[in-house]
Amino acid sequence: MNDLVRVPDAEPPAAAPARPFTALVLAGSRPGGDPLARAAGVSHKALAPVAGVPMLARVLATLRAARAVGRLVVCGMPADALAGEPTLQATLAGGELALMGGGATPSASVLASMEALGDCTPLLVATADHPLLTPALVDEFCARSADSGADVTVGLVPAALVRSAFPTVRRTTVPFRDGAFCGCNLFAFLTPEARRAPAAWMAVERHRKRPWRMVGALGVGSVLRFVLRRLTVAAVMDLASDRMGVRVRPVVVSAPEAGFDVDTITQLAAAEAFLQRRAAAGPAFPPRR
């Protein structure tokens, strides 16, 4: 994998945790296919090339280079879909990567994976459409999650940073009293009790693009306070903790690319432009073969 994508660390890596994280990469497809996959001429969105390299390959190379990560598991990508990707196939055949079937939703996939993997905590959950991740960012998130005292952590990045780095692309933002944030598609499940979280989240994840409805699942009063922007990030996490029966904490990172995933051709072009701007400090990505 590292022969395909050499991923840079812009900052010195964080110290590896006492127990390596299992990294679960969600790579499932939408029912009926994905517009980006069709536009890119691939079977699954995760295989759409960004600057010549499939997104999934970029994410896996980043995770392999992170000091905090041990084993790698991809959820929702059938083995036969990798037939046209020799490097990914070789990684799978070499035992460096495990594949698991996906569920109907991201939370269902996480819950099923946690049950199948058994003793898998600490577990880092990332998505295959996050090609701008770096090992330093992954290590930072994992280290801060491990030190949080939480059962579950959720990655956030200030929305202003994301808008500044990607001014032409609209991102989903969540306004709080202490600022607006974008999600990072990075989650850590740190204790055995953490598996309660995806089970609870299954009831509300269909509203993840409508933040006020998500908050609504926490109570009517919470909706009003959210609309009036009277809830802080910490307050929402406390409400989520009460509803889920686990300790949920945010991990706020300062790298704008943490809040950028790729769902559309426009976003793909923006990701490639960002990689070009980062090229002086980053790697060379060979063309897809």
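The following refers to the structure shown. (Residues numbered from 1 in each chain as written. Predicted model: local features only at pLDDT ≥ 70, side-chain atom pairs only at ≥ 80, totals over all residues. Heavy atoms only, no water.)

As for the packing of aromatic side chains
- For the structure shown, the criterion picks out three aromatic pairs.
- Ring plane angle 15 degrees and centroid distance 4.1 Å describe the contact between Phe166 and Phe260, whose orientation is recorded as stacked. Linking Phe166 in the loop between helix 6 (159-165) and strand 8 (174-176) with Phe260 in the loop between strand 10 (248-252) and helix 11 (265-278), this pair joins segments that are 94 residues apart in sequence.
- Given the relative accessible area of 0%, Phe260 is considered buried.
- A connected cluster of aromatic rings, assembled from ring pairs, spans Phe166, Phe260 and Phe274.
- The cationic tip of Arg171 hangs over the ring face of Phe260; the distance from NZ or CZ to the ring centre is 4.9 Å. (Phe/Tyr/Trp six-rings, centres within 6.5 Å; stacked < 30°, edge-to-face > 60°. Helix = DSSP H or I, 4+ residues; strand = E, 2+ residues; numbered from the N terminus. Buried < 20%, exposed > 50% of the residue type's maximum accessible area, 1.4 Å probe, protein only. Lys NZ or Arg CZ within 6 Å of the ring centre and 35° of its normal.)

Re helix 10 (residues 233-244)
- Here helix 10 spans 16 Å end to end across twelve residues, near enough to the 16 Å set by a 1.5 Å rise per residue.
- When helix 10 is considered as a whole, its buried residues turn out to be Val233, Val236, Met237, Leu239, Ala240, Ser241 and Met244.
- Gly245 occupies a position one or two residues after helix 10 and carries a positive phi of about 75 degrees. (Expected span 1.5 Å × (residues − 1).)

Describing the side chain of Asp151
- On the secondary structure map, Asp151 appears in the loop between helix 5 (135-146) and strand 7 (152-158).
- Residue class for Asp151 comes out buried when judged on its relative accessible area of 6%.
- Within the structure, Asp151 has its side chain in polar contact with the side chain of Thr191 (distance 2.7 Å).
- From its side chain, Asp151 meets the backbone nitrogen of Arg247 in a polar contact 2.8 Å long.
- With residues near it in sequence (within four places) discarded, Asp151 still touches Ala188, Phe189, Leu190, Thr191, Glu193, Ala194, Val246 and Arg247. (Polar contact = N/O pair within 3.5 Å; in protein donor to acceptor, adjacent residues only side chain to side chain. Contact = heavy atoms within 4.5 Å.)

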